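Letter by letter, the chains look like this.
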Amino acid sequence: MLLSKVYAERIKNLDWMTEGTKKKALHKLDVMIMKVGYPDKWKDLSALHVDRASYVQNVINANKWYTNYMISKYGKPVDRTEWGMEPQTYNAYYNPSNNEIVVPGCNIMVPGYERKMADDAILYAIIGGSTFGHEMTHGFDDQGSKYDEQGNLNNWWTPQDSAKFYAKTRMIVKQFDGYVAVDSLHVNGSMTQGENIADLGGIMMGYQAFQQTKQYQDHEMIAGLTPNQRFFLGYAMAWMLNMRPEAIANQVRSDVHSPAKFRVNGPLSDMTAFYKTFGVKKGDGMWRPDSLRVKIW
């Protein structure tokens, strides 16, 4: 996968990580398991009875089935082939205990392109950046970085590397603490830092991979937009949500994900290429001085 190669290149070129830790990070990335589309082995649902007589009874039956399923795993080796999501789920996850990425088939769809292939700018922004690149970065965020390549809790960092890493994560915490979501309610930078780190890492990986495509290198214009413009607008398209202020406030107080607006404006305001693409200058809403632009992976 091109994104894995890009990630490896970026790790090798980090100026804040020592060579020994780089080798461990590269090994963790190399053995990271990719589960894409649907599982190779399906769960046996033959014991689950579902009919049209009673919705409540169907829920009870499903809960009983799941309880029995969990009990049946007791005392057995961990099944590393198991999926925690269904193929029709529009979501994805990184599991640090397995060092694996799981991307259901539904999450590979691009809004507006359900029956046709999007161009590379859109694909590398949404599928590359906000999906695969995002989940890969979870392996190296504030939590994922505490697990080794086998999924064991293991501090594989040198004290020097850890100090530099957490100095960078404190920067992204401070950045998101400054965003006001609703009225005077600020985003919780500490609670959301793992997702914010993954968003930033993902879009960085997606953009560097996109730069290797023919569309980017040929400077192909589509719908009057340059490749860079389509890439960044494509990334924003993945987060087009409409939420009531009350829902946003509830999310800020309870969710490890920042509100959609800041999942776009936050990481993009840390990218020099975004500034050049849209001519962002001092005084503009998304402008940040270079010294405050977060660069981690």
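See the structure printed just above.
Residues numbered from 1 in each chain as written. Predicted model: local features only at pLDDT ≥ 70, side-chain atom pairs only at ≥ 80, totals over all residues. Heavy atoms only, no water.

1. Thoughts on the overall build of the protein chain
Defined as follows: A run of H or I in DSSP becomes a helix once it reaches four residues, and a run of E becomes a strand once it reaches two; helices and strands are each numbered from the N terminus. Under the scheme applied here, a residue whose accessible area is under 20% of the maximum for its type counts as buried, over 50% as exposed, and between as partly exposed, the area being computed with a 1.4 Å probe on protein chains only. Any two residues having at least one pair of non-hydrogen atoms within 4.5 Å are treated as being in contact. Counted as positive: Lys and Arg. Counted as negative: Asp and Glu, with His and the chain ends omitted from the count. For the purpose of locating charges, the reference atoms are NZ of Lys, CZ of Arg, CG of Asp and CD of Glu.
Scanning the protein chain for helices and strands turns up 11 helices and five strands. When the backbone C-alpha atoms are referred to their principal axes, the protein chain occupies close to 60 × 45 × 45 Å. Going through the 297 residues of the protein chain one by one, you find that 46% of them count as buried. Within the protein chain, residue pairs in contact and separated by at least 24 positions form 64% of the contacts whose partners lie at least 6 positions apart. Charge centroids of the protein chain, computed over 34 positive and 31 negative side chains, lie 3 Å from each other.

2. Brief notes about the nonpolar core
Spelled out, the test is: Nonpolar cores are built from buried Ala, Val, Leu, Ile, Met, Phe, Trp, Tyr and Cys residues. Side-chain atoms within 4.5 Å join them into one set.
If you look at the biggest cluster of nonpolar residues, it comprises 56 residues, and the most contacted ones within it are Phe 231 and Trp 297. Of all the elements, helix H4 (residues 120-138) adds the most residues to this core, at nine residues. Ignoring sequence-local partners within four residues, the contact set of Phe 231 consists of Ala 121, Tyr 124, Ala 125, Ile 203, Gly 206, Tyr 207 and Phe 210.

3. Side note on the pattern of salt bridges
Selection criterion: Within this document, salt bridges are pairs made up of a side-chain nitrogen of Lys or Arg and a carboxyl oxygen of Asp or Glu, the two lying within 4 Å of each other.
All chains considered together, the criterion is met by 13 salt bridges. The partner of Glu 100 in a salt bridge is Lys 35, and the shortest N-O contact between them spans 2.7 Å. Residue Glu 100 is located in strand E3 (residues 100-104), and its partner Lys 35 is located in strand E1 (residues 33-37); the two are separated by 65 residues in the primary sequence. The class for Glu 100 is buried, based on a relative accessible area of 1%.

4. With respect to the side chain of Ser 258
Defined as follows: Here a polar contact means two N or O atoms within 3.5 Å. Within protein one must be a hydrogen donor candidate and the other an acceptor candidate, and residues neighboring in sequence count only if both atoms are side-chain atoms.
Following the sequence through the fold, Ser 258 ends up in the loop between helix H9 (245-254) and helix H10 (260-268). Side chain to side chain, Ser 258 and Thr 192 meet in a polar contact 3.5 Å long. Beyond its immediate stretch of four places on either side in the chain, Ser 258 contacts Phe 176, Val 187, Thr 192, Asn 196, Gln 251 and Arg 263.

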